[in-house]
Every structure is written in C-alpha cells, then in structure tokens.
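# Summary of structural features
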Amino acid sequence: MNPLPILRFQLMYRRPSIFIMKRFYSELGKMPDSLKDIPEQSNPTFYNMVQYNFHKARVVVEEKLIESLKHQKGLPPMDLSARKAKVRNVMSYLEMCDAVLELNFPVKKDDGSYEMIRGYRAMHKCHKMPVKGGMRYCLSVNRDEVRALSAIMTYKCATVGVPFGGSTGGLCINPAKFTVNELEKITRRYTIELARKGFIGPEIDVPAPDVSTGEREMSWIADTYHKTFGYRDINAQGCCTGKPLNQGGIHGRISAPGRGIFNCLDQIVTSEDFMKLAGLSVGWKDKTFIIQGFGNVGLHTSRYLTGAGAKCIGIMEVDGSIISPQGINCLDLHNYKLTKGSIVGFPGAQPYRGKNLICEPCDILIPAAGEKLINKEVAQEVKAKIVAEGANGPITPAGDKVLLSKNILILPDLFCNAGGVTVSYFEWLKNLNHTSFGRLTFKYERDSNYLLLSSVQESLERHFGQDGTKRIPIVPSESFKTRIAGASERDIVVSGLAWTMERAARELTNTAKEFNLGTDFRTAAYVAAIEKIFHTINEAGLTF
Ligand code: GLU
C-alpha cells in the first residue's frame, strides 16, 4: 500500500480538539432549537431529518450513558459534571460528519465534447475502519444527501453489529444520458480522484452498489483501484463490495437487501404479539403488499415475499404504477422491464389510475427507492398496517409522527434494509481471507457427517443387532441430506444474514422495552446504535 494516502488520510481526520468542540455542544436532555420544528415540516432537508432522529434518541439514552461512566474498569471515578461533559463531547462528535469531499472533473464524451461531472463522498464516523456505504449515480446527489446517507450508514452498521463506520457517495448524473463507455470512464476517473484524496481503500472507505449502480460499476472501481493505488496491496480487492463473483464478489450480495427485508419482516409476520399489534393474522399466507421502486431492492424483496406466500398487489415506479388484486408475478415483470425498460404496459397487471398507489389499502407497504416519500400529508392517507423501509430515509419525521399515531408499525431503515451492508461485510471478509467461505472445510464436514452416520449405525448394530449380524441402516432425513455435504458459501451467507437480522430484532425489541418506546423502533434503533458507538469512542478516547 502506498503510504501517502494513509498519511493524508490521517492528517485529514485528526479529530477536532475538545476545545474547538465546545462550540458545537448540544444541551443535554434537549432537542437543539434548530431541529425542534422538524417533525412539523413537510419538506425538511434529508440531513436535518437524520439529525433530528439522532437527537430524539440521544435525549432518550443520555442518562444511561452518564450512569455507565460511573464505574469504568481501570479508571478513577468521575464526578457527575465530568461524566456529563464526556457524554456531551462524544455526542457532539457523533452528530457531525468527519469529512465531506466534493469533486469536479471533466469527462470527454464519445462525440468529442466535454462535460463536467460533480461527485461526493462523505465519511460520517471513522470510529471503526473502514467506513462503508453506497455509491449512487443520480441527479438528487448533493452534499446534504451524502451527509445524511453516511450518517444513516454509521447507525445502520452499529444497529446490526457490522464493525464499520458509515460513509456514502455518488455522482450527480443521470446515468441514462451517458453511454456505457462514458460511464466507465467517469467511474474510473472518480475512483482515481477518491484514491488521490485517501477516500477509498480496503482499510479506509469501501463503496458498494446503491441507486443506479451495481456489479458493473463495482467491477470498474475495483479494477481501477487494483491497477493504480492498490497495486502493492494484497487486499486491494476489498476496496469495494457488490462486485461480480469472478472479481471477488460473494454469492447472494445482489439479492441481500431484499433478503434482509424479508428476514426483518419475517420476524414480525410470524410473531403473534406483533401481528396482534398490527391487527393482522400470523403468517405470510395472503398478506398483501405494495412496493415503491422496482430496482434491485424492489425486485428481490417481492421475490422473497411472494415466495413465502404473500401477494404483490401494486408496484410504483417513477414513470407509472401498476396494480393487480390477483397478484403480480415479479419475475415476469422483471423480464418485461428488462426488455421494455419500464414496468408500464406490463400485461400481467392493470395500469394504476388512482391518486397515489402507496396510499391504497394493503398489509405491508415497502418504499424501496428514494428518500422523503412519506411526508405528513401522504402519511395521513397511508392505509397499510406495516411500513418496511427498503430505502434509506423514505419517511420524514412528520410522516413518522402521523404513522405512529395511527399505530402503523414502522420497520426503520437502520434495521430493515441492513441486509446489503451485512453481506458486504461478508464479502469484505472473504476478500481479506483470500478464499471463499467453506472452501477449507467443505470436504472435511461432508466426510465427518458420513462418519457420524456410520458410527451411529455400527453402535446400534453392536447393541441391538444380534452380535452385529443384523443390519440397522441409518437413513438421513430429507433436511439433513441437504446439509450433509457441508455449508456452501451461499448457505453461510444466507444463515449469517438471517442470524444478524434475528439478533438485531431481539436487540431492538429489548431496547424499545427498556426505554419505554412502544413501537417507535426507529428511536430504538438509534438508541441501540448510539449506545454501542458511544462505548467504542469512549473506550478508545475522543482525541488522538
Ligand atoms: N446502499 C447500501 C445501503 O444503503 C450499501 C451498503 C454497503 O453495502 O456498503 O445499505
């Protein structure tokens, strides 16, 4: 690894000294004045939305944090004012982005003309390295958006126990306006610019797919990094995740956000308590759902949900919406969209002619595209019983307030769509291990399982089989047969993700109970995340 970017990086991320931070103190126990009316605003900035959610949770958890400093291993006792100051300092540090990079560079288009491209990358918190988050190509990309998304990534990683800080970046472009050749040039140049500024690398910042980016873009990023800044770095492949399999990707990363949303919903739909709260019957059968956005997240979510027995009755996209009370076949729709470039005109459904599809009656509503879809006014019209946030930040605080008052169960982004970053973590580990999961143990496990079966058989025959003359064959059950050959990489990814989501669901439910938050799982997720990050930062020290 070239030491220069690391040095630059270290210089850039010197955390502000405690004296400078005094200016930013937010008062303990109180929402900052500047954010007070966010839950009334129809169109707050995205970053203010995240700030508001953070402070709402901070106010809830502060007292516990102050208390937790009373007895710290190996440290002299702190008096109350010192403990309060410590919590205030860490919170002030936590609420802001560590760094935001804006880049402007020219690209020469296929027709010989030039166009200026603007890109960003925000690193929210570097308390754990690397930092991690998506890379989107979209006209909505700006400083506010990447800051908000990077903060969401910090809290999301903490919520599901992925040991990374948060970041996010993107290019403010409409990818449909560029040829593949131009997009490749732009992506490679962007990667070089990020590397020059110390904003990418397997130990620094690891981008992943987001809106309008996927395996292709990650492959360009990995290749560019590997052949330039990372040429001496044996771990260079881990500079981004969501890569194609033959470039160091992992099985199941593409469908991971959808699978995670399914795992998350599954905890709710199969729980008697939650379904009683939502006023629904337990189980997937005949549950109806509406999806906003039929990109990667929307497609795979609907695949898993319909696979479990639910029915997709409506899909909304930017250029039109479709409905079908009988249920939409998502794979047919995907193939249709691939050929036509749109879901409009799909023969397996009817065009939607109402006011707003997401306000139609259904059991589960899944916003799976941009932010701020459900504001105060829309929330008043939402009739779903459960809203599962497939996208980051689809509900404004005002919308949140209305939905909560209507007893609609909200599964927050920090938890609900964490499948992507969780499997990204597995991919990064795979890259650092330089081998796929299961590769070393596959044969050993299979042989051991067969030996176990024959050893059980021999014992039984010795005991019951008339001096070993009578055969007592042991036949593996159907479910054991599927596992006898050992866990493949896909098996490990699938069970690792399901376990991560189960654990996070348990933690959130416990946090909600502990702090008396009712069904406000967003605040519970922020509280749980803040607690974890606080202890990491506190134990490591605020400055260095
Ligand atoms: N777009 C993903 C998210 O928002 C990217 C996460 C990652 O894999 O780094 O969660």
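Quick caveat, the model's predicted, so the values are computed rather than measured. (Residues numbered from 1 in each chain as written. Predicted model: local features only at pLDDT ≥ 70, side-chain atom pairs only at ≥ 80, totals over all residues. Heavy atoms only, no water.)

## A look at the layout of surface pockets
Put simply, the rule is: Cavity means a closed set of points on a 1 Å grid over the protein atoms alone, one where a 1.4 Å probe fits but cannot get out, pocket means an open set with protein on both sides within 12 Å along at least 5 of 7 lines, and lining means a residue has an atom within 4 Å of a point. Grid points are joined across faces, edges and corners, and a volume is the space filled by probe spheres set on the points. Where helices and strands are cited, they refer to DSSP runs of H or I of at least four residues and of E of at least two residues respectively, numbered from the N terminus. Residues are sorted three ways: Asp, Glu, Lys and Arg are charged, Ala, Val, Leu, Ile, Met, Phe, Trp, Tyr, Cys and Pro are nonpolar, and all the rest, Gly among them, are polar.
Its volume calculated, the second largest pocket comes out at about 360 Å³. With three residues, helix α7 (residues 215-227) is the largest single contributor of residues to the lining of the second largest pocket. Looking at the lining of the second largest pocket residue by residue, the classes come out as eight nonpolar, four polar and three charged.

## Description of the pairing of strand β7 (residues 311-317)
To keep it simple, the criterion reads: Accessible area is worked out with a 1.4 Å probe on protein chains only. A residue is then buried under 20% of its type maximum, exposed over 50%, and partly exposed in between. Any two strands with at least two DSSP-identified bridges between them are counted as paired. Here, the term right-handed applies to a crossover whose path from the first strand over the helix to the second runs clockwise when the strands point away from the viewer.
Across the seven residues that make up β7, a large majority, six, are buried. With five bridges joining them, strand β6 (residues 288-292) and β7 adopt parallel strand pairing. Residue pairing across strands places phenylalanine 289 opposite cysteine 312, the latter belonging to β7. Handedness of the crossover joining β6 and β7 through helix α10 (residues 296-308): right-handed.

## Some thoughts on unusual backbone geometry
Note that the residue after methionine 129, namely proline 130, is joined by a cis bond; omega there is 0 degrees. The residue proline 130 is located in the loop between β2 (114-125) and β3 (131-137) in this model. The phi angle at asparagine 407 is positive, at roughly 60 degrees, despite the residue not being glycine. Even without being a glycine, histidine 434 presents a positive backbone phi close to 60 degrees. Here histidine 434 lies in the loop between α15 (419-433) and α16 (442-464). What makes histidine 434 partly exposed here is its relative accessible area of 47%.

## Things to note about the sheet that holds β7
The strands making up a sheet associate through backbone hydrogen bonding, with each pair oriented either parallel or antiparallel. What counts here: Contacts are assigned to residue pairs that have any heavy atoms within 4.5 Å of one another. Think of each axis as a best-fit line through the C-alpha atoms, taken over the contacting stretch in the case of a helix, with angles from 0 to 180 degrees between the N-to-C directions.
The seven strands lie next to each other as β9-β8-β7-β6-β10-β11-β12, forming an open sheet whose pairing is mixed. The two strands at the open ends of the sheet, each matched to only one other strand, are β9 (350-351) and β12 (409-411). Pairing of β7 with strand β8 (residues 320-323) involves four bridges; the strand directions are antiparallel. Bridging across to β8, methionine 316 finds its partner in serine 321. Packed onto the sheet, α10 meets β6, β7 and β10 (364-367) and runs at close to 170 degrees relative to β6.

## Here we look at the pattern of salt bridges
Rule in force here: Just to be clear on terms, a salt bridge is a Lys or Arg side-chain nitrogen sitting within 4 Å of an Asp or Glu carboxyl oxygen.
For the structure shown, the criterion picks out 34 salt bridges. A salt bridge links lysine 285 to aspartate 286; the shortest N-O distance between them is 3.3 Å. Given a relative accessible area of 48%, aspartate 286 falls into the partly exposed group. Of the charged contacts in the structure, one is a salt bridge between glutamate 507 and lysine 532, with a shortest N-O distance of 2.9 Å. With glutamate 507 in helix α18 (residues 489-514) and lysine 532 in helix α19 (residues 521-540), the pair connects residues that are 25 residues apart, well separated along the chain. For glutamate 507, a relative accessible area of 27% translates into the label partly exposed. Salt bridges sharing common partners tie together Arg136, Glu145, Asp210 and Glu371.

## Some points on α15
Applicable threshold: Expected helix span is given by 1.5 Å per residue-to-residue step, counting one fewer step than there are residues.
Counted at 1.5 Å a residue, the expected span for α15 with its 15 residues is 21 Å, and the 21 Å between its end C-alpha atoms agrees. Burial analysis of α15 places twelve of its 15 residues in the buried class, the great majority of the element. Looking only at α15, the buried set comprises Gly419, Gly420, Val421, Thr422, Val423, Ser424, Tyr425, Phe426, Glu427, Trp428, Lys430 and Asn431. Contact partners of the buried residues in α15: β3, α5 (143-159), β5 (205-209), α8 (256-269) and α18.

## Some remarks on the environment of valine 211
Tracing the sequence through the fold places valine 211 in the loop between β5 and α7. With a relative accessible area of 29%, valine 211 lands in the partly exposed category. Taking the C-alpha atoms as reference points, valine 211 and glycine 170, separated by 41 residues in sequence, lie 9.1 Å from one another. Leave out the neighbours within four places in its chain, and valine 211 touches Met135, Arg136, Tyr137 and Cys138.

## With respect to the confidence of the model for the protein chain
Rule in force here: Looking at any residue, its pLDDT shows the predictor's confidence there, from 0 to 100.
On average, residues of the protein chain carry a pLDDT of 92, and 94% of them reach 70 or more. Low pLDDT, under 50, characterises residues 3-24; the predicted model gives this stretch 38 contacts beyond four residues in sequence or across chains.

## Points about the packing of aromatic side chains
For any pair of aromatic rings, the description rests on two quantities: the centre-to-centre distance and the angle between the ring planes. Note the cut-off: Think of it this way: a Phe, Tyr or Trp ring, Trp meaning its six-membered ring, pairs with another when their centres are within 6.5 Å, and the plane angle makes it stacked under 30 degrees, edge-to-face over 60, tilted otherwise.
Scanning all chains against the criterion turns up nine aromatic pairs. When the centroid spacing of 5.0 Å and the interplanar angle of 90 degrees are considered together, the rings of phenylalanine 164 and tryptophan 428 count as edge-to-face. In this pair, phenylalanine 164 sits in the loop between α5 and β4 (165-171) while tryptophan 428 sits in helix α15, placing the two residues 264 residues apart along the sequence. For phenylalanine 164, a relative accessible area of 2% translates into the label buried. Judged by relative accessible area, tryptophan 428 falls into the buried class, the value being 12%. For the pair tyrosine 336 and phenylalanine 346, a centre-to-centre distance of 5.6 Å together with 70 degrees between the ring planes defines the contact as edge-to-face.

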